[in-house]
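# Descriptive analysis of the structure
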Amino acid sequence: MIGAWRHLLRALHLKTLSLWTPKTCFSLNAGAFWTSVTRCGLHTKPSMPPCDFTPERYQSLAYSRVLEVHKQHLSPMHTAYFPEPLLLHQGHMEWLFDHEGNRYLDFFSGIVTVSVGHCHPKVNAAAQRQLGRLWHTSSVFFHPLIHEYAEKLSALLPEPLKVVFLVNSGSEANDLAMLMARAHSDSTDIISFRGAYHGCSPYTLGLTNVGIYKMDLPHGTGCQPTMCPDIFRGPWGGSHCRDSPVQTIRKCSCAPDCCQAKDQYIEQFKDTLSTSVAKSIAGFFAEPIQGVNGVVQYPKGFLKEAFELVRERGGVCIADEVQTGFGRLGSHFWGFQTHDVLPDIVTMAKGIGNGFPMAAVVTTPEIAKSLTKHLLHFNTFGGNPMACAIGSAVLEVIKEENLQENSQEVGTYMLLKLAKLRDEFEIVGDVRGKGLMIGLEMVKDKESHQPLPREEVNQIHHDCKRMGLLIGRGGLFSQTFRIAPSMCITKPEADFAVEVFRCALIQHMERRAKLKF
């Protein structure tokens with residue numbers, strides 16, 4: 001029933017109107033809809049696409065009690081979105097439901113993690129089967145699922161990337177990749193971009209170059225930042241630089257096969273190699289597209305040239321595919337393929353398990369052997385039967401439901417629609433991305449590129465939530481909205497998201513106008 005319904009939506013691009021009541025979600029089969037009573041300035045609030053799922057009634061802790069327990073017993077670090085954080089209760093594919101039954105279109109997918117949809121039936125079934133068979137062994141015993149999964153995953157990567165190490169999180173994966181790079185090169189220094197996010201463990205904090213994740217205590221020694229080749233906010237960039245359906249509004253005189261911005265950023269990379277690291281280095285980490293920094297793309301050809309420079313110094317090149325992998329970028333299964341490069345090590349997490357704690361490092365036999373000469377690597381939970389059963393099901397769903405192709409089609413469709421908002425609103429400075437990894441950078445004005453104040457971005461963010469759309473935040477000043485839904489979304493849902501965002505922008509401009517009088 002679910003599959004038939006979804007394919008019907010994709011085929012016909014239905015724009016069935018829906019109604020929204022704050023506390024109830026009914027099945028379409030019952031003929032009920034969601035009801036909207038709010039207004040968007042002079043515009044009616046966008047109608048939410050239909051959902052053929054009825055959530056269970058919430059029967060757990062009262063919202064007030066949740067806030068008390070959180071304050072008393074959980075980390076005091078403030079990470080939740082919104083003054084009144086959402087208390088989520090249930091998920092179904094691209095939809096989330098809160099404790100009051102309100103329905104939300106999830107366009108951030110648990111921070112770019114729920115790759116094939118919340119509680120996907122096939123992934124659920126695989127987890128339930130394995131749950132009744134075998135949960136855990138550890139690697140001192142064999143079980144067939146880890147071998148089956150390693151074979152499936154390695155088949156999706158080019159030669160010689162064929163040795164798989166399974167771990168539990170992206171930080172763990174990048175920790176291990178750092179060890180591999182240093183063991184293989186017999187060197188220490190590792191380079192990463194400013195604005196990069198590679199984890200929040202004591203080791204990977206050295207690679208992560210986002211101010212809020214830096215601390216006064218010693219951490220991540222031997223890591224050196226280099227300029228991020230950001231063609232929107234950086235000193236160089238033009239109208240042909242990036243691999244995206246949408247380019248910056250910056251103009252340039254470059255020929256199609258020549259990028260002056262790329263050449264300028266490469267000179268900065270050479271300067272880092274000349275001044276900030278030893279003559280021999282361990283490696284270079286790069287996200288194919290920066291995630292936490294706000295979906296930042298580099299000039300075409302930059303990574304290819306940077307990889308060559310790193311290898312000249314004896315270093316290895318690591319592609320951090322934690323957010324970009326598994327078909328999310330649409331044109332290719334892996335983000336590094338969009339840059340026409342072949343890394344020595346690939347790290348992956350998040351979408352690999354559709355929300356289940358799982359991650360991997362894939363490398364060459366040569367680098368794997370170098371690690372074993374220095375370390376008896378062991379991971380208690382890495383590659384456990386539950387993770388491997390779920391990981392295999394995720395790969396099958398991506399292939400069977402053509403989710404990579406859907407990312408390309410729906411993502412491009414949405415990017416082009418969002419680009420029209422950039423042309424319409426002065427505060428939308430840039431729209432960028434590829435497939436279903438999209439960023440919208442908010443500015444005071446297009447001329448200065450100064451970030452829109454956080455309070456104003458917060459208001460727009462909250463208005464989107466109030467209208468039933470959940471999106472993420474990124475950028476050094478939290479000025480960029482991040483859109484990265486599950487890869488199962490449809491064009492009607494993309495239409496709804498764009499209209500909600502447009503409505504939120506109109507409301508913001510109306511607030512601004514009132515303040516002037």
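Preceding block: the structure.
Source: prediction; values computed, not measured.

## Overview of the packing of aromatic side chains
A full pass over the atoms with the stated rule returns 14 aromatic pairs. An aromatic cluster of three or more residues is present, and its members are Phe193, Phe269, Phe284, Tyr298, Phe302 and Phe307. The ring of Trp95 carries the charged tip of Arg103 above its face, separated from the ring centre by 4.4 Å. The ring centre of Phe82 lies 5.2 Å from the NZ or CZ of Lys465, which sits over that ring.

## A look at the pairing of strand S12 (residues 359–363)
By the criterion of burial, S12 is predominantly enclosed, with five of the five residues buried. Burial along S12 is two-sided: Ala359, Val361 and Thr363 facing one way and Ala360 and Val362 facing the other are all buried. When strand S11 (residues 345–348) meets S12, the two strands line up antiparallel, connected through four bridges. Its bridge partner lying in S12, Thr347 is registered against Val361.

## Notes on helix H8 (residues 302–312)
Here H8 has its buried residues at Phe302, Leu303, Ala306, Phe307, Leu309 and Val310. For H8, the arc enclosing every buried residue in end-on projection is 165°, short of the 170-degree limit, so these residues lie on one face. Positive phi shows up at Gly314, right after H8, with a value of about 85°.

## So, the environment of Gln323
Secondary-structure assignment places Gln323 in the loop between strand S10 (316–320) and S11. Sequence-distant contacts of Gln323, defined by excluding residues within four places in its chain, comprise Val112, Gly291, Val292, Arg328, Lys350, Met437 and Arg482.

## Observations regarding the pattern of salt bridges
In the structure shown here, the tally under the stated rule is 21 salt bridges. A salt bridge links Asp495 to Lys417; the nearest nitrogen and oxygen atoms lie 3.6 Å apart. Here Asp495 is found in helix H13 (residues 491–516), whereas its partner Lys417 is found in helix H11 (residues 403–424), with 78 residues between them in sequence. Here Lys417 falls in the partly exposed class, since its relative accessible area comes to 27%. In this structure, the salt-bridge partner of Arg432 is Asp430, at a minimum N-O distance of 2.8 Å. Residue Arg432 shares its accessibility class with Asp430, and that shared class is buried.

About the thresholds
- Residues numbered from 1 in each chain as written.
- Predicted model: local features only at pLDDT ≥ 70, side-chain atom pairs only at ≥ 80, totals over all residues.
- Heavy atoms only, no water.
- Phe/Tyr/Trp six-rings, centres within 6.5 Å; stacked < 30°, edge-to-face > 60°.
- Lys NZ or Arg CZ within 6 Å of the ring centre and 35° of its normal.
- Buried < 20%, exposed > 50% of the residue type's maximum accessible area, 1.4 Å probe, protein only.
- Helix = DSSP H or I, 4+ residues; strand = E, 2+ residues; numbered from the N terminus.
- Pairing = 2+ DSSP bridges.
- Arc of directions from axis to C-beta.
- Contact = heavy atoms within 4.5 Å.
- Salt bridge = Lys/Arg side-chain N within 4 Å of Asp/Glu carboxyl O.

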